[in-house]
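# Structural overview
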Amino acid sequence: MKRFSDLNIDLSEDSRIFECPQVSITEVINCEIEVMEYLPDVKTRHGEGRYLVHFKRDGRESKFFTNSRNIKSTLEAVGKEDYPFTTTIKCTKIGNSTIYKFT
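The paragraphs below set out a description of the structure included in this document.

About the thresholds
- Residues numbered from 1 in each chain as written.
- Predicted model: local features only at pLDDT ≥ 70, side-chain atom pairs only at ≥ 80, totals over all residues.
- Heavy atoms only, no water.
- Core = buried A, V, L, I, M, F, W, Y, C linked by side-chain atoms within 4.5 Å.
- Buried < 20%, exposed > 50% of the residue type's maximum accessible area, 1.4 Å probe, protein only.
- Helix = DSSP H or I, 4+ residues; strand = E, 2+ residues; numbered from the N terminus.
- Contact = heavy atoms within 4.5 Å.
- Arc of directions from axis to C-beta.

Generally speaking, nonpolar side chains in soluble globular proteins are found buried as a group. Judged by nonpolar contacts, the single largest core of 18 residues is most densely connected at Ile-33, Val-35, Phe-64, Ile-71, Leu-75, Ile-89 and Phe-102. Elements supplying a minimum of two residues to this core: strand 1 (32-44), strand 2 (47-57), helix 1 (69-77), strand 4 (85-94) and strand 5 (97-102). Excluding residues that lie within four positions of it along the chain, Phe-64 makes contacts with Val-23, Ser-24, Ile-25, Val-28, Ile-33, Tyr-51, Leu-52, Val-53, Phe-55 and Ile-89. Among the nonpolar cores identified, the runner-up in size contains 5 residues, and Phe-18, Cys-20, Val-42 and Leu-52 belong to it.

Among all positions of helix 1, only Ile-71, Lys-72 and Leu-75 are buried. Down the axis, helix 1 shows its buried residues gathered within 100° of arc, on one side only. Facing away from the buried side of helix 1, by more than 90 degrees, are the exposed residues Arg-69 and Ala-77. On its buried face, helix 1 sits against strand 1, strand 2, strand 3 (60-66), strand 4 and strand 5.

What follows is the structure in structure tokens.
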């Protein structure tokens, strides 16, 4: 029987899933994190267009999904050469909504 590794299948970078634990964004609010990279436009059970953010906190790698317009636009605005970068996620409640942003 053939091994998958022997099939010479080229896995594109877009299929990365960041092999690390997934956390909720609420677990890292007001915590300094190091954003390593992200994947845009990921489809989840909660909908399309989510971003998967790969980060480090206290030396441990993790990831979270977000649909925050502020965070998504900020991730896009940071040049590839500026990754990784350090930030703190803050949140503000406005009515029934929560707005997340990097500071």
